[in-house]
Amino acid sequence: DVKVTQSSRYLVKRTGEKVFLECVQDMDHENMFWYRQDPGLGLRLIYFSYDVKMKEKGDIPEGYSVSREKKERFSLILESASTNQTSMYLCASRTGPEQYFGPGTRLTVT
Amino acid sequence: AQSVTQPDIHITVSEGASLELRCNYSYGATPYLFWYVQSPGQGLQLLLKYFSGDTLVQGIKGFEAEFKRSQSSFNLRKPSVHWSDAAEYFCAVGANNAGNMLTFGGGTRLMVKP
C-alpha cells in the first residue's frame, strides 16, 4: 500500500511565524502535491513538484513556497503565517493518474 | 480548463436507504474521473475511478458510479447506506494527458439518520 505521511495532524501558530509542513511518501512517486481544503471550496492546488528540486505553482501559490530536496519529501512553507491561512492542508503523491493522500494537517493561525 | 460541480452541499439519508451523489464536470475530451471519500479528521481515500471502457464502475465499500458522456456526469450511488458512510465525498476530474492535474468539486457532506 502507498503510504503518505504528514508531520503533524494539528498545528497552532501565531501570525507572522514561519511554518513548515512536511510530507513523506514511501512509493518512489515522482509527482507530489500540496492542497488546501476549505469548506465549500473543495481542494485547491497550492504547489506541485514533478521531480527533485522541480516545482510549479498551482492555483493559489500566494503566501506559500515549497521545497523538494529528496524524492520522498515535499515541504510546504508559510514564510509569514496569516490568519487567512488557517485551513486543512493535504499532501498527495502519484505516479499515474490517481493521487494518494496523506491524513492532512489542520493549521490554525492565531 | 476543466471544472467540477457537486450541486448538493449537504445530503441526509436514512440508514438502509439508497444514495445518489451528483457530479457534473466540464472538459473537452474524455476525462479521468474519480470519487474520493473523507471521513472526519482524515485524508482522502479513493472510492473508485473511471479511465475508459465500461461506463459503470464498481468501487470499494459497495459504491458504484456511472459515466454519462451526454450529460457530463459521474454520479455516485449506493443501494443501501450504512451509518459508517457518513463522510464528505469529493468528485474529481483529471485531464487525459501527461500533465493530468486533478480538479476537485466542492464536496458533498453526507449525514446518515438512524
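In the block above lies the structure referred to throughout.
Bear in mind that the values here come from a model prediction, so they are computed numbers and not experimental data.

A.B. asks: Teacher, can you tell me more about the overall build of chain A here?
C.D. replies: Looking only at helices and strands, chain A has 0 helices and 11 strands in total. Secondary structure of chain A in N-to-C order comes out as β-β-β-β-β-β-β-β-β-β-β. Here the C-alpha atoms of chain A give a radius of gyration of 13 Å, agreeing with the 13 Å that 2.2 N^0.38 yields for 110 residues. Oriented by its inertia axes, the alpha-carbon framework of chain A measures out at about 35 × 25 × 25 Å.

A.B. asks: Please explain the pairing of strand 11 (residues 105–109) of chain A as it appears in this structure.
C.D. replies: In the case of a regular strand, side chains alternate between the two sheet surfaces. Residue and element names in this part refer to chain A. Across the two faces of strand 11 the burial differs, with Thr105, Leu107 and Val109 buried and Arg106 and Thr108 not buried at all. Of the pairings in the sheet, the one linking strand 2 (residues 10–13) to strand 11 comprises 4 bridges and is parallel in character. Bridged to Leu11 within strand 11 is Leu107. As paired strands, strand 9 (residues 87–94) and strand 11 are joined by 3 bridges and run antiparallel to one another. Across the sheet, the residue bridging to Tyr89 is Thr105, located in strand 11.

A.B. asks: Mind showing me how you'd approach the nonpolar core here?
C.D. replies: If you look at soluble globular proteins, the nonpolar side chains tend to sit buried side by side. One finds Leu19(B), Trp35(B), Leu47(B), Leu48(B), Phe74(B), Leu76(B) and Tyr89(B) to be the most contacted residues of the largest nonpolar core, which totals 26 residues. If you list the elements that add at least two residues to this core, you get strand 2 (10–14), strand 3 (19–21), strand 5 (32–38), strand 6 (45–50), strand 8 (64–68), strand 9 (73–78), strand 10 (87–94) and strand 12 (108–113) of chain B. The element contributing the most residues to this core is strand 10 of chain B, with 4 residues. Ignoring anything within four residues of it in the chain, the contact list for Leu47(B) reads Trp35(B), Tyr36(B), Val37(B), Gly59(B), Ile60(B), Lys61(B), Phe63(B), Leu76(B) and Tyr89(B). If you look at the next biggest cluster of nonpolar residues, it comprises 20 residues, including Val19(A), Met32(A), Trp34(A) and Ile60(A).

Analysis parameters
Residues numbered from 1 in each chain as written. Chains lettered and ligands numbered in written order. Predicted model: local features only at pLDDT ≥ 70, side-chain atom pairs only at ≥ 80, totals over all residues. Heavy atoms only, no water. Helix = DSSP H or I, 4+ residues; strand = E, 2+ residues; numbered from the N terminus. Rg over C-alpha atoms; globule rule 2.2 N^0.38 Å. Buried < 20%, exposed > 50% of the residue type's maximum accessible area, 1.4 Å probe, protein only. Pairing = 2+ DSSP bridges. Core = buried A, V, L, I, M, F, W, Y, C linked by side-chain atoms within 4.5 Å. Contact = heavy atoms within 4.5 Å.

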